[in-house]
Amino acid sequence: MRRIIGFGILALSILSACESEHSENHHSETVFTATTALRVDTALSKEYVSQIHSIRHIELRALERGYLQHIYVDEGDQVKEGQLLFRIMPNIYKAELEKSKAEAELARIEYENTKSLADRDVVSSAELAMAKARYTKAKAELSLAETHMSFTEIKAPFGGIIDRFHVREGSLIDEGELLSTLSDNSEMWVYFNVPEAEYLDYQERLREEHILPVQLRMANDRIFQHEGKVSAIEADFDNETGNIPFRATFPNPTGLLRHGETGNIIMQDKLESALIIPQKATFEILDKHYVFVIDEEHVVHLRELKVAHELEDLYLISGGLLEGEHILLEGLRKVRNGDHINFELKDPKAVWKELKLYAE
């Protein structure tokens, strides 16, 4: 029995030695590709879900009760400031206006006649004062009647786009009833939420740059052609989410953006002298990132990395690797920690041009 065990151990030793010799021979024949980490100035893109609003978006409501006599525009029309949009049947208000005009004219004549008599000391100054008060009251009632008459015409307070109608011609509408909405889309306000840590970083940038430029990725995944800027930051953080709302302003000369749209705000964070390596030179073990570092003796060593940010096909490294150290780029699954290999060094800039793969 002991002889059998002894022969087994001998066989395993011979097999292990053969595999090791085969591995060394294989590595000696294989030329691996390596590269180095590179320090560059770059920009890190961060995206935030956003809501798009018109710079002015208001409700158009009836100021008087009555029948909607006429609608002068259509849904989706571009209107100008002061343009007539709706008319409420003005018959009653027109009659009241004519009555007020007549009463104001009568009060004026009475006042002027009384003043003429008062100048000749025919009537007392008290009677003149009463005539003047009646005239003043009549003018005020005329002004009120004119105001009520003007309420029968709903005009655009500014230029913009008319939204869906909530009433139709001939409808009996109440005072304050919603007729439609009006949006000024010459500029757009885009709201997005920023975490507290990133807010502090952006405040530092604001002190240095004064303006934070941003881009807008629209719902069709295209970038809006005009650049925006952060124009306001709200006062308070949301205690539940830890975020604070930012507002960016975008010009909208062609009217492409509309109130209520969604998109993603893209903010570029400038990074100076960032250490970057290809993702394909890394691999993961239990959610940690590793590379094979090649020393001066051509021996590979397993090294854990600290990944600060993930870029497209690249990792921005904050620890675990030094600039200029050689790292294995290809064949990561063919070597083990401590293996001796032959390799050729490839310029990192040339590697970046060919990158289309992600980490193994």
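Located above this text is the structure these notes cover.
Caption draft 1: Local environment of the nonpolar core. Grouped together as the largest cluster of nonpolar side chains are 23 residues, with contacts concentrated most on Ile276, Ile277, Val291, Leu305, Ile317, Leu321 and Ile327. Listing elements by their share of this core, those giving two or more residues are β2 (38–61), β13 (262–278), β15 (288–294), β16 (300–311) and β17 (314–319). Take this core: its biggest share by element is five residues, from β13. Setting aside chain neighbours within four positions, we find leucine 305 in contact with Ile277, Thr282, His289, Tyr290, Val291, Ile317, Gly319, Gly320 and Leu321. Listed in part, the 22 residues of the second largest apolar core include Val194, Tyr199, Tyr202 and Ile265.

Caption draft 2: Representation of the packing of aromatic side chains within the structure. Enumeration over the complete set of coordinates arrives at 10 aromatic pairs. For the ring pair tyrosine 111 and tyrosine 135, a centre distance of 5.9 Å and an interplane angle of 15 degrees mean the geometry is stacked. Of this pair, tyrosine 111 sits in helix α2 (residues 91–119) while tyrosine 135 sits in helix α3 (residues 125–150), placing them 24 residues apart in sequence. According to the relative accessible area criterion, tyrosine 135 is buried, its value standing at 18%. Put simply, the rings of Tyr48, Phe192, Tyr199, Tyr202, Phe237 and Phe246 touch in pairs and so form one group of aromatic residues. The ring of phenylalanine 158 is capped by arginine 56, whose NZ or CZ atom sits 4.2 Å from the centre of that ring. Over the ring of tryptophan 189 we find arginine 247; its NZ or CZ atom is 3.9 Å from the centre of that ring.

Caption draft 3: Spatial organisation of the pattern of salt bridges. Tallied over the full model, the rule gives 13 salt bridges. Linking arginine 61 and glutamate 59 is a salt bridge whose minimum nitrogen-to-oxygen distance equals 2.8 Å. On the basis of relative accessible area, arginine 61 is assigned to the partly exposed category, the value being 37%. By relative accessible area, which is 47% here, glutamate 59 ends up partly exposed. Its salt-bridge partner being arginine 108, residue glutamate 112 comes within 2.8 Å of it at the nearest N-O pair. Remark: arginine 108 and glutamate 112 occur in helix α2; sequence separation between them is four residues, near one turn of the helix. One network of salt bridges, in which partners are shared, links Glu47, Arg217 and Asp221.

Caption draft 4: How the structure looks around the sheet that holds strand β5 (residues 84–88). If you walk across this open sheet you meet the four strands as β6-β5-β3-β8, and the pairing is antiparallel. This sheet does not close on itself; its edge strands, each paired only once, are β6 (153–155) and β8 (172–173). Sheet analysis places β5 next to β6, joined by three bridges and oriented antiparallel. Bridge pairing links phenylalanine 86 to isoleucine 154 in β6.

Caption draft 5: Expanded view of unusual backbone geometry. For aspartate 221, which is not a glycine, the phi torsion comes out positive at approximately 75 degrees. Here aspartate 221 lies in the loop between β10 (213–218) and β11 (228–233). On the accessibility criterion, aspartate 221 (53% relative accessible area) is exposed. Despite not being glycine, leucine 286 shows a phi value in the positive range, around 55 degrees. As for its placement among the helices and strands, leucine 286 is situated in the loop between β14 (283–285) and β15. Here leucine 286 falls in the exposed class, since its relative accessible area comes to 79%.

Caption draft 6: How the structure looks around the pairing of β10. Alternating residues of β10 divide into Val214, Leu216 and Met218, all buried, and Pro213, Gln215 and Arg217, none buried. Note that β10 and β11 share two bridges and pair antiparallel. When the bridges of β11 are listed, proline 213 appears paired with lysine 229. Judged from the five bridges that link them, β10 and β13 form a sheet pairing that is antiparallel. By the bridge assignment for β13, leucine 216 is matched with isoleucine 265.

Rules used throughout
- Residues numbered from 1 in each chain as written.
- Predicted model: local features only at pLDDT ≥ 70, side-chain atom pairs only at ≥ 80, totals over all residues.
- Heavy atoms only, no water.
- Core = buried A, V, L, I, M, F, W, Y, C linked by side-chain atoms within 4.5 Å.
- Buried < 20%, exposed > 50% of the residue type's maximum accessible area, 1.4 Å probe, protein only.
- Helix = DSSP H or I, 4+ residues; strand = E, 2+ residues; numbered from the N terminus.
- Contact = heavy atoms within 4.5 Å.
- Phe/Tyr/Trp six-rings, centres within 6.5 Å; stacked < 30°, edge-to-face > 60°.
- Lys NZ or Arg CZ within 6 Å of the ring centre and 35° of its normal.
- Salt bridge = Lys/Arg side-chain N within 4 Å of Asp/Glu carboxyl O.
- Pairing = 2+ DSSP bridges.

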